[in-house]
Amino acid sequence: GGRFSTRMLGRYVMGGGDQGGTMNGEDVELSSSKELNPSMGQTSMMQQGPGTLAARYRPSWRLLLTSRRGDGIAKMSKTRSDGKPVPRNIMGTSPGGVNLSLSLQAALVSLMCLLFIMAGLSIWLVPPDESTENILVRRFGAKPTSMFELKARRLVQDPRLTMDRSSVSSLLHEDYAVPLQLLKVMSADVQFRLRNMLRNRTGEDESSIASGTRPMLLVVQLVGELGGRLGALGSAMAYAHNTERVLVVLWEIDSLFTHPFRSVFSGASDLKFIPVDELPRGFRMQESFDDWTHFWFSFHDFIKNPVSVIQQRRELSAMKNIRRHLYVRTDRPLLSDYASSGLAKELLGDLVPLPIAREAVISATKVGEYKNITSDYAGRILHDAYSVPYDFILHMSGAMRKRLLDQISDKEATRPHIAPRLMFVHLQYGLGNRIRALGSAMAFAAQSHRVLIIIWESDAHLQAEFSDFFLNDFVVISRLRLPWPIDTRGDVAYNDFRLYNLMKKENAMIKSASSIVLDNADSVHIYVKTAYVLRSTLTGEGALSKAATSPISLYARRLLPVMRIQKVVERQLGNGLNSMIGVHIRGRTIDNDIVNVNAVKEYTKESSQLTNYWRQTTQLPVFIEQMRTVRNSSQSFFVAADSTEALFALEREFPGRVFFNPRNCDDRSAECLSMALADILCLSRTRYLLGSYWSSFTEAALRLGGIKVYLAGKDFGMPKKPIR
């Protein structure tokens, strides 16, 4: 296919000066993926793609070597520390050691060119008064005539210089499953830009793209008046961003808006999506069994075939179309959890509107007031106008300060006569604890009409950021180290605050977290530090027996896992996850659970003893015995455990019936905990769950799935001794 799939070792020559008849040789090795640093100089090889070299023998001439496909560019150079070519003759000795006749020079060059031609390369000569780029643009209009110094170099990044339109169309159709009817309405420039965007998602080797790894498209055809188009565009940008899709925007001209996309926004070549202007009248993408790529597309024309809000949310579910391209024709915002209005406004506000659309964009984004203000000024507004203490403001990034102002503005628009109130929830401990605490905070904030701010710190329990797990556009503070009790004397903004700390290790005044009931006072903001569900009249029943339908669980299910985690779950769904029985084994004692955590200091002595007692009831033999009681001898199990030994033991006990998510780590890092979240989500999608009592991990799976759960130590397996 014209690719450099093998390494070529040769002895190339470079001119030793302006005098003909003298050559200095240099050994070079050409490799598409290697970088060499010999002691005499530096030889580097960089490749944009396979297939093209630029060779230069004398300083005044350059040689181009292109493959049949012509879609790759490489770079190689050899210099001394002073930047000049390293002089070595063809025998590898010092300069002047060997002089070759012109006939021998010509013979060597001819042989080398013949070898390149046999390898499927074309040879072009660039004269001294032309740049290589110009020659490429003019379709290589030169003839080889002379010797020149070999210097493979990266020429350009634009694949238009080495691929014609038919080649790009073929690549997009065959490798990326882009339908022919879509390619027909794209100009050559648009096709090349699309190819670059897709290529950036997959890496350099496009031939290795498999159906399960190719990047997905979101093709949105916008119609109707400008305001509706802008709302649809912003939501499409948010959806594509959150679902990791490449966005293609088809801008339809109709009677309601007759201006092309290029008259609405400037800088089309710098956009993070592909705009397609001037569609043929009446153009619609639709299923066609004459094109195999349509089996990779899900088509939705919400103008011609309107659907209900619930159905549109179902059709645009990230999981439903995780391995399919999407086509949507609409005149209004997409309805999907992955197309949040907050992110849509932020992304739309980043575009540069032309005069015809400037007012409409400001109206659609509602960020005109805060978009261009400084971070310090945003902080002063939050403190002086909305009574946010500087302790919190100083730990917010500039982007988060502006996001908080936007969300406060949205809240003011819905309740214009009531001062907006905030809720700061400071999440503690591990992933399961944070999910349940966050679900209850989301419920409380929504029911009390508060703007929710999450304080999510990386610590020994969880060494990862909120964005490593979820896509929700909350205001997030990544670090806030405030000693308890908080010193409120230096900031009058604390006068409008009510402070709670449910962590007994810091607040010895409380008996337990469940003994504290949050008061919803409209006149104050709330700060609460917790690893547990919040008790209040707004959050409903917190007991596990009511978890399937409680507001805490319903709001926790609104958390949006990142796509790499969703893809892990989708693979297990392909294995029949919904028909499996979930199993969660939590057997480690509290002392052996987390590195660098003193259990007694972190959890108190009484809590550690209680946890260790229940861990005795959730050991592997208890689960094996219960799994053996399942009557269906072919029943499969999805298992999550805190030790690989337990997984392997279950595989031996139930061969061919145990499924789990493999991992290469066993710690509290972002990589490992991402797989832990995938385990929680997989458990939540099973028929029912055999879980571990006194485990927030089991509780998180129960709350996210609303499934039936049987707890080791409570519903099966007996405690070894009474609880004291």
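Colleague: Go over the packing of aromatic side chains, please, and point to the residues and values.
Modeller: Inspection of the entire model under this criterion finds 25 aromatic pairs. Ring geometry for F392 and F497: centres 5.7 Å apart, planes at 10°, overall stacked. Here F392 is found in helix α11 (residues 390-393), whereas its partner F497 is found in strand β16 (residues 497-501), with 105 residues between them in sequence. Neither F392 nor F497 differs from the other in exposure class; each is buried. Pairing W614 with Y693 gives two aromatic rings, centres 4.5 Å apart and planes at 75°, and the pair type is edge-to-face. Separated by 79 residues along the polypeptide, W614 in helix α17 (residues 605-615) and Y693 in the loop between β21 (688-692) and α21 (696-705) bring together distant segments of the chain. Classification of Y693 as partly exposed rests on a relative accessible area of 22%. Ring-pair connections join several aromatic residues into one group, and the members of that group are W251, F257, F261, F265 and F273. For the cation-ring pair, R214 lies above W296, with the distance from its terminal atom to the ring centre recorded as 4.8 Å. In this structure, R434 packs its charged tip against the face of W456, placed 5.0 Å from the ring centre.

Colleague: Requested: an account of the environment of D291, with residues and values cited.
Modeller: Structurally, the position occupied by D291 is in the loop between β10 (274-276) and β11 (297-301). Classification of D291 by relative accessible area gives buried; the value is 6%. For the pair D291 and L180, spaced 111 residues apart in the sequence, the C-alpha separation amounts to 7.3 Å. Setting aside anything within four residues of it in sequence, one finds D291 in contact with H173, P179 and L180. Within the local environment of D291, its side chain forms a polar contact with the side chain of H173, the two groups lying 3.0 Å apart.

Colleague: If you had to explain the packing of helix α10 (residues 375-386) against helix α12 (residues 398-414) to someone new, which residues and values would you point to?
Modeller: Packed helices, taken two at a time, are described by the angle between their axes plus the distance between the axes. Contact pair α10 / α12: the axes reach a minimum separation of 9 Å and the direction vectors enclose 40°. Taken together, the axis directions place α10 and α12 in an arrangement best described as oblique. Handedness of the crossing formed by α10 with α12: left-handed. Note on element contacts: α12 touches α10 through G398, R401, K402, L404, L405, I408 and E412, opposite S375, D376, A378, G379, I381, L382 and Y386. When its residues are assigned to classes, the contact of α10 with α12 shows seven nonpolar, three polar and four charged.

About the thresholds
Residues numbered from 1 in each chain as written. Predicted model: local features only at pLDDT ≥ 70, side-chain atom pairs only at ≥ 80, totals over all residues. Heavy atoms only, no water. Phe/Tyr/Trp six-rings, centres within 6.5 Å; stacked < 30°, edge-to-face > 60°. Helix = DSSP H or I, 4+ residues; strand = E, 2+ residues; numbered from the N terminus. Buried < 20%, exposed > 50% of the residue type's maximum accessible area, 1.4 Å probe, protein only. Lys NZ or Arg CZ within 6 Å of the ring centre and 35° of its normal. Contact = heavy atoms within 4.5 Å. Polar contact = N/O pair within 3.5 Å; in protein donor to acceptor, adjacent residues only side chain to side chain. Axes fitted to C-alpha atoms, helices over the stretch in contact; angles between N-to-C directions. Parallel < 35°, antiparallel > 145°, perpendicular 65-115°, else oblique. Left-handed = near helix turned anticlockwise from the far one by under 90°. Nonpolar A, V, L, I, M, F, W, Y, C, P; charged D, E, K, R; others polar.

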